[in-house]
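Structural overview for review
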Amino acid sequence: MKTRRSPLTGLAAVLVFVFLYAPLAVVLVFSFNVARHGTMWEGFTVDWYLRLLDNQAALAAAFNTLQLACTSTLFATCLGTALAYGMSRYEFPGKRLFHHVLHIPVFIPDIVLAVALLLFFALVRKFLAGFELGMTTMTLAHITLQIPFIAIVVRARMADCDPQLEEAAADLGAGPWLTFRHVTLPLMMPGIVAGSLLAFTLSLDDFVVSFFTTGPGATTLPILIYSSVKRGITPEIHALASLILVVSAATVVTVAFLRGRTEVKR
Amino acid sequence: MTVPSSTTFWFILPCRFTKTNPLQPAETNAADGSLVVECQQLTRRFGQFEALAGVSLNIRRGEFFSLLGPSGCGKTTLLRIIAGLDLPDTGELRIGGLPALHLPAWKRPVNTVFQNYALFPHLSVSENIAFGLRMKRLPSADIVRRTTSVMELTQILPLAGRHPHELSGGQKQRVALARALVNEPAVLLLDEPMGALDAKLRKELQLELRQLQRRLGITFVHVTHDQDEALAMSDRVAVMNAGRIVQLGTPDELYDRPKTSFVAEFIGVCNLFEGNLIRRTKQLLETETPLGRLRIELPATTIELSERSRLRLGVRPERIAMDGGQPGDNRLLGIVQSISSSGPETIAQVRVGDTLLRVTELNMGRRSVALHAGDSVELTISPGNFFLLED
């Protein structure tokens, strides 16, 4: 049934899009601006992007960011998936409580998690010589940040799967490993992929947790941008920010696409 | 492409198929009296609920066996225990003569057709069917050959490349059946396999399933709450209630000689009443009942029940005649309370004394009795048409 839309609905939509995307659009547009300073449009150029390729600090930060995101996503995906599997297939005391506790890292402000992790790493350093802040601590921190997101997404997917399918596999002669390998894992896979891509973008964009848990030499793109901005905003920063934006957006769209496809199948 | 939905007879399949069929034809392992499933005193509790209260049961090789009962009677629990998907609290289970309780589901020589089919949504029809053989690591040529022949047998070859979400209910049921049969199980377990299908399709599939079972000679253990389905398909039926087997027998035995009022009322419709024994001569009893004085003839097997003075008696509605009957029948005078036709039969409620009797008569093309409500009618019941209940 079609209902008449109020003209206010259209206005609200426009306002939402302006609020959400105008700042991003500005960054994107100015990354192609010839002018080095100011807010005047002086012509189109891709020069700032080319200059990034010569900027050793930016390249090192980009490499760090990707390495961090890939490593932490890999570990967080394994742990988060195992967690989701355990929580949906087994009963244990305190399961409900644990279910709620799992959501806490999703809701608490990043800054609280960041400070907590920093304190924790400082404590570990007291007992473990050679445990310095740097890539390792940042990776561990990101894994902590990502696990709940992956577990929640995979669990939602498993809740939609009929547990009787695993019984059917056993009935057809598949032992526990073969059942997992040929039935459970393929059914979980859309959730695993969606969850890990989500976690990947979280890591890619993260500033607060990285800033608190990093050490000398381990600079990521968001940290690099932050420190550059203190010395004045340049179009190079715009270019860098635009690249991060494009990668994140592409990942999110992939997630949406994968989800859409599995919805249709069922 | 669609699979013909009409009933097709298995014996018109080409001979070539029967020769290469890995599924053995019936002659080699037809019912030979040996036992393929033996249950002894199985019990199972879920918290306070007693799902099985000591079930002992033997299933013969090659028979079509049904577990029949209302929901919650324990029939599905018993099936899951045989499959290895659940374990009893106490009791013993043998499959093919060997103890089976220590075997996990995936090592037992049984396969199940699940109630909701439980087809793997990420696999095609042929991959679903090949699953069991792949798990056993058979050579891929054998897998293809056996998968293809079982798909021919169940008439789903044109569906091979489809995914479960592209199938109708009846097609899913065939795929689930094929997926189980391809493994050539010693016992095929069917958990309400027609539960999700409409009535017409159900009738067709009942017939097909029965013919398939006869042809292959595989032992079928079938769980259902539908008494028509159990009677139509089975060699033997175990009627279950509250975790126990209340009666086990052939469909005819259960219908003609129910032992308890539960079985009598669960299987078919019946008129139950009580009577006092007046005199007994051999198999012929004379009783005083609310319907009047009745002569009852019992088979020798249930004669010991007539030792009691108080008898619980029953008679099926279609064993009461309204057309005059035979000499020697019991004759009762009643008044028609209501009369209606279901198409094939006329159903009448007739008051005899204070008792309301249900009477049905087949419409054989001669409406001999054009009766109306309020008419008086003479009912006749042959002495051999009564049954005696134990409870």
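Owing to the predicted nature of the structure, the values given are computational and were not obtained by experimental measurement.

Residues and elements named next belong to chain B. Of the two faces of strand S20 (residues 386-389), the one holding Phe386 and Leu388 and the one holding Phe387 and Leu389 are both buried throughout. Two elements, strand S14 (residues 310-315) and S20, share four bridges in a ladder whose sense is antiparallel. Looking at the pairing, Arg312 lines up with Leu389 of S20.

As a further point, take the pairing of strand S19 (residues 376-381) of chain B. Side-chain positions along a regular strand alternate between the two faces of the sheet. The pairing of strand S15 (residues 320-321) of chain B with S19(B) spans two bridges and is antiparallel. Within S19(B), the residue paired with Ile320(B) across the bridge is Ile381(B).

Listed as interface residues are 24 residues of chain B and, on the opposing side, 19 residues of chain A. Surface buried jointly by chain B and chain A totals about 2000 Å² across both partners, of which 62% is contributed by carbon and sulfur atoms. Counting across the chain B and chain A interface gives one salt bridge. The salt bridge involving Glu167(A) is made with Arg80(B); its shortest N-O contact spans 2.7 Å. Put simply, chain B and chain A have eight residue pairs in polar contact (both at pLDDT 80 or more) between them.

The subject of this paragraph is the nonpolar core. The nonpolar side chains of a soluble globular protein tend to be buried with one another. Core analysis: the biggest nonpolar cluster contains 44 residues, and Leu57(B), Leu67(B), Leu78(B), Phe120(B) and Phe131(B) have the highest contact counts within it. Per-element tally for this core: the top contributor is helix H3 (residues 75-83) of chain B, with five residues. Residue contacts for Phe120(B): discarding those within four places in its chain leaves Leu165(A), Ala168(A), Ala169(A), Leu172(A), Val183(A), Asn128(B), Phe131(B), Pro164(B) and Arg179(B). In terms of nonpolar packing, the next biggest core, distinct from the first, is built from 34 residues, Tyr117(B), Val175(B), Leu177(B) and Leu216(B) among them.

In terms of residue burial, helix H7 (residues 164-171) of chain A counts as a mostly covered element, since seven of its eight residues are buried. Gln164(A), Leu165(A), Glu166(A), Ala168(A), Ala169(A), Ala170(A) and Asp171(A) are the residues of H7(A) that are buried. Packing partners of the buried residues in H7(A) comprise helix H3 (56-89) and helix H8 (176-205) of chain A together with H3, strand S6 (110-113), helix H4 (125-135) and helix H6 (169-181) of chain B.

This next bit is on the pattern of salt bridges. Residue and element names in this part refer to chain B. Under the defined criterion, the tally for this structure stands at 23 salt bridges over all chains. Linking Arg44 and Asp86 is a salt bridge whose minimum nitrogen-to-oxygen distance equals 3.2 Å. You can see Arg44 sitting in strand S1 (residues 35-46) and its partner Asp86 sitting in the loop between H3 and strand S4 (90-95), a full 42 residues away along the chain. In this structure, Asp226 engages Arg202 in a salt bridge whose closest nitrogen and oxygen atoms are separated by 3.3 Å. Linking Asp226 in the loop between strand S8 (219-224) and helix H8 (227-233) with Arg202 in helix H7 (residues 199-216), this pair joins segments that are 24 residues apart in sequence. Each of Arg279, Glu286, Glu288 and Arg293 takes part in a single network of salt bridges with overlapping partners.

The next thing to look at is the sheet that holds strand S17 (residues 345-352) of chain B. Spatial strand order, S15-S19-S16-S17-S18 (chain B): five strands in an open sheet with antiparallel pairing. Edge positions in the sheet fall to S15 and strand S18 (355-362) of chain B, since each has one partner strand and no second.

Residue and element names in this part refer to chain B. If you walk through the whole model with that rule in mind, you get two cavities of 30 Å³ or more. Considered as a void within the structure, the largest cavity measures approximately 70 Å³ in volume. Every residue lining the largest cavity is counted, ten residues in all, and those nearest its centre are Gln173, Leu177, Leu205, Glu208 and Leu209. Broken down by secondary-structure element, the contributors of at least two residues to the lining of the largest cavity are H6 and H7. With four residues, the top contributor of residues to the lining of the largest cavity is H7. Partitioned by chemical class, the residues of the lining of the largest cavity number six nonpolar, two polar and two charged. Around the second largest cavity sit Glu192, Pro193, Met194, Gly195, Arg202, Thr224, His225, Asp226 and Glu229, which together line it. In the lining of the second largest cavity, the residues fall into two nonpolar, three polar and four charged.

Calculation criteria
- Residues numbered from 1 in each chain as written.
- Chains lettered and ligands numbered in written order.
- Predicted model: local features only at pLDDT ≥ 70, side-chain atom pairs only at ≥ 80, totals over all residues.
- Heavy atoms only, no water.
- Buried < 20%, exposed > 50% of the residue type's maximum accessible area, 1.4 Å probe, protein only.
- Helix = DSSP H or I, 4+ residues; strand = E, 2+ residues; numbered from the N terminus.
- Pairing = 2+ DSSP bridges.
- Contact = heavy atoms within 4.5 Å.
- Buried area = accessible area lost by both parts, 1.4 Å probe.
- Salt bridge = Lys/Arg side-chain N within 4 Å of Asp/Glu carboxyl O.
- Polar contact = N/O pair within 3.5 Å; in protein donor to acceptor, adjacent residues only side chain to side chain.
- Core = buried A, V, L, I, M, F, W, Y, C linked by side-chain atoms within 4.5 Å.
- 1 Å grid on protein atoms, 1.4 Å probe; cavity = no way out; pocket = protein on both sides within 12 Å on 5 of 7 lines; lining within 4 Å.
- Points joined across faces, edges and corners; volume = space filled by probe spheres on them.
- Nonpolar A, V, L, I, M, F, W, Y, C, P; charged D, E, K, R; others polar.

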